[in-house]
Amino acid sequence: MKNPTEISKIPSLKKLVYDNLKERIILGQLKPGTRLREEDLSEEMNISRAPIREAFNMLERDGFTVIVPRKGAVVAEATEKERDYIWEIREILEPYAAVQSIPKIMDDELIKVEEDLKKVLDNPDNLKLYMDVDIELHELLFQKLENHFLKDVLENMRDHSLRMRWAVETSEPGIRSDIELESTKEHLKIVEALKTRNEQNVFHAVKDHLMRSKKRILKVEK
C-alpha cells in the first residue's frame, strides 16, 4: 500500500491531460485557433470529459487556450505583443532567480548539464536534444527556489517562450543550427558563471543570454 507521500507525487488525471495538451500546443501540433473538443479528446484518451474540462480551465488560466462563446476551448494565438511581454518578464526575473539559486545548485548538476550542452554542440541537427537540454539548464536556474510564486511564473514564461521559439526555429531550418549553436555557447557561459558562484557573473550571463535570445527571434521573424 502506498504511503501518503508517494500518493501525493502521483499526478492527477486532469494534470496528465493538461501536460499532454500543453506539450502539443508548444510543439505546434495544435495550431493557434484550433478548437479543442471535449468529446474528441475523451474518445482519444479513453477518459471521461470531467478531467478534460478541468484541463481546459488550467490551460486558459495559463494563457494557452481561450474560451470562445459557442465554440468552447480554442488554442490561443501567440501574438508579438505577448512575445514582448514574456521576454520582458524573463529578463527581469530570471537573472534574479538564477542568483537566488546559486547556493542550491550542486557541482554534479553543473557537470551534468555541461556535458549535455557539449552533446548538443556535437549534434547540431538534433532539435529535440537541443530543446531538452535548454529546458534542463533553465530549470536549474529556478526549480529549487523557495519562492513558489516566482517559480510558477518562470515555469509559465518558459513554456510560452518555448512555444514561440519552437515555431520560429522549426519554420527556418536553414538557420536553425546557427541559432542552436549560438544559444548553446551562451548556455555554457552561464554554466561557467555558476561555477564561479559569483552573483554578478551569473546575473549578467543569464541577462545577456536572454537579450540575445530575443534578438534572434526578432531577426528570424523579420
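Our subject is the structure that appears above.
A brief report on the enclosed structure follows.

About the criteria used
Residues numbered from 1 in each chain as written. Predicted model: local features only at pLDDT ≥ 70, side-chain atom pairs only at ≥ 80, totals over all residues. Heavy atoms only, no water. Axes fitted to C-alpha atoms, helices over the stretch in contact; angles between N-to-C directions. Helix = DSSP H or I, 4+ residues; strand = E, 2+ residues; numbered from the N terminus. Parallel < 35°, antiparallel > 145°, perpendicular 65-115°, else oblique. Left-handed = near helix turned anticlockwise from the far one by under 90°. Contact = heavy atoms within 4.5 Å. Salt bridge = Lys/Arg side-chain N within 4 Å of Asp/Glu carboxyl O. Buried < 20%, exposed > 50% of the residue type's maximum accessible area, 1.4 Å probe, protein only.

Here the focus is the packing of helix α6 (residues 107-122) against helix α7 (residues 127-140). Interhelical geometry of α6 versus α7 gives an angle of 155° and a closest axis separation of 10 Å. Between α6 and α7, the crossing angle belongs to the class labelled roughly antiparallel. Relative to α7, α6 is oriented so that their crossing is left-handed. Here α6 contributes Glu-109, Leu-110, Lys-112, Val-113, Asp-116, Leu-117, Lys-119 and Val-120 to the contact with α7, which in turn contributes Leu-129, Tyr-130, Val-133, Glu-136, Leu-137 and Leu-140.

Below, the discussion takes up the pattern of salt bridges. Across all of its chains, the model carries 22 salt bridges by this definition. Among the salt bridges present, the one from Lys-15 reaches Asp-19, with a minimum N-O distance of 2.9 Å. Of this pair, Lys-15 and Asp-19 both sit in helix α2 (residues 13-26), 4 residues apart, which is roughly one turn of the helix. Lys-15 sits in the partly exposed class, given a relative accessible area of 32%. Given the relative accessible area of 27%, Asp-19 is considered partly exposed. Of the charged contacts in the structure, one is a salt bridge between Glu-192 and Lys-195, with a shortest N-O distance of 3.4 Å. You can see Glu-192 and its partner Lys-195 sitting in helix α9 (residues 173-196), 3 residues apart, about one turn around the helix. Relative accessible area serves as the criterion here: at 39%, Lys-195 is assigned to the partly exposed category.

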